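Coordinates in review
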Amino acid sequence: MNESSEYLFDPIQTEMMYLHRVTTYNMGTFLHRHNAYELYLFLRGNVNFYIENRCYHLQSGDLILLTPEEMHRSFAMDKNEYERITINLKKSYLNRLSTSTTNLSACFDFRPKGKGNIIHLDSDQLQQVLQLTGELEQILKSNEYGADIQANVRITQLLLVVNLAFQNTSFVPTDIMPKLVRNTMDYIEANLAGELTLKHLSEALCTSSTYISRHFKEHTGLTIRAYVHSRRIELSKYYLSEGMSITEACYQSGFRDYANFIRSFTKLVGISPGRFTKNLIKKNNDI
């Protein structure tokens, strides 16, 4: 299966980015990820939210947390108003706000990938979060002395509330991802390093390749080729973090063309494999 040139990496340029958006048209993104954590608060609309191989129909007050490694997608099911608040936070920023006893990244990091991402805020929790985000929104529009410190305070308070909410929740969301899409993702994940073709998928899932492709694109916004491409890049990142050479990581993650791997890695990760490896070494030396 040839690698795709589709762009799945949406880089965040600042340490913290706050967006409060209301749209009145059918809007859907394809599965993508960022180079920062994301806090997503759903307020109203008719929206399905995809995280890795799961899908949830959102209710007002649903709060979602995402790491840089987690692919996700929102999809508005109709043209009713769709309102949400998203806050993207770089790891370095969260580290500065945290203390030796209070890790504000805990709610993002201390759970399995693609699981435990979503809780439903009760009325008191939602009011508390909306008060803090409302104050933050006003502060970010201000040029007054100390506005940056006030923004940091509100972010810190918000993350304390969010961490406590995730620690104490018993909420279990209903996964509505179609079985065929999940089985397709599971098969791809289990066979990333080998040859992957639509024929292989069709035979494994006992379904026509055309139907699999159409159904997959409908729910992820991606072609199967683009999805395979992205998962192979993620696998190569893991191998590099385990000390494997760039050449080994390239071929062990399923790529057959080294030059294409370098180009694709740089495009999807934001830096070259060489720079990625150097950053890992520096990070380990700084610990």
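Keep in mind that what you see is a predicted model, and the values were worked out from it rather than measured. (Residues numbered from 1 in each chain as written. Predicted model: local features only at pLDDT ≥ 70, side-chain atom pairs only at ≥ 80, totals over all residues. Heavy atoms only, no water.)

**So, the nonpolar core**
Membership of the largest hydrophobic core comes to 33 residues, with the highest contact counts inside it found for Ile-87 and Ile-155. Secondary structure elements with two or more residues in this core: strand 1 (16-23), strand 2 (37-44), strand 5 (62-66), strand 7 (82-89), helix 1 (91-97), helix 2 (106-109), helix 3 (123-140) and helix 4 (147-168). The contacts of Ile-155, once residues within four sequence positions are left out, are Met-16, Ile-87, Leu-89, Tyr-93, Leu-97 and Leu-136. Among the nonpolar cores identified, the runner-up in size contains 32 residues, and Met-177, Met-185, Ile-212 and Ala-226 belong to it. (Core = buried A, V, L, I, M, F, W, Y, C linked by side-chain atoms within 4.5 Å. Buried < 20%, exposed > 50% of the residue type's maximum accessible area, 1.4 Å probe, protein only. Helix = DSSP H or I, 4+ residues; strand = E, 2+ residues; numbered from the N terminus. Contact = heavy atoms within 4.5 Å.)

**Brief notes about the packing of aromatic side chains**
Under the counting rule described, the total for this entry stands at eight aromatic pairs. Measuring from ring centre to ring centre gives 5.5 Å for Phe-265 and Phe-276, while their planes differ by 75°; the resulting arrangement is edge-to-face. One end of the pair, Phe-265, is in helix 10 (residues 258-269); the other, Phe-276, is in helix 11 (residues 273-286), with eleven residues separating them in the sequence. By the burial criterion, Phe-265 is buried, and Phe-276 matches it. The aromatic ring of Tyr-50 is capped on one face by Arg-73, whose charged end is 5.6 Å from the ring centroid. (Phe/Tyr/Trp six-rings, centres within 6.5 Å; stacked < 30°, edge-to-face > 60°. Lys NZ or Arg CZ within 6 Å of the ring centre and 35° of its normal.)

**Considerations on the pairing of strand 4 (residues 54-57)**
Across four bridges, the pairing between strand 3 (residues 47-51) and strand 4 is antiparallel. Looking at the pairing, Ile-51 lines up with Arg-54 of strand 4. Once strand 3 ends, the chain turns through two residues before running back antiparallel as strand 4, passing Glu-52 with a positive phi of about 50°. (Pairing = 2+ DSSP bridges.)

**Describing the packing of helix 8 (residues 224-241) against helix 10**
Two packed helices can be described by the angle between their axes and the distance between those axes. Where helix 8 contacts helix 10, the two axes come as close as 10 Å, and the packing angle between them is 95°. It follows that helix 8 is roughly perpendicular to helix 10 by the angle criterion. Between helix 8 and helix 10, the contacting residues are His-229, Ser-230, Ile-233, Ser-236, Lys-237 and Leu-240 on the first element and Phe-261, Ser-264, Phe-265, Leu-268 and Val-269 on the second. Here the residues of the contact of helix 8 with helix 10 are counted per class, giving six nonpolar, four polar and one charged. (Axes fitted to C-alpha atoms, helices over the stretch in contact; angles between N-to-C directions. Parallel < 35°, antiparallel > 145°, perpendicular 65-115°, else oblique. Nonpolar A, V, L, I, M, F, W, Y, C, P; charged D, E, K, R; others polar.)

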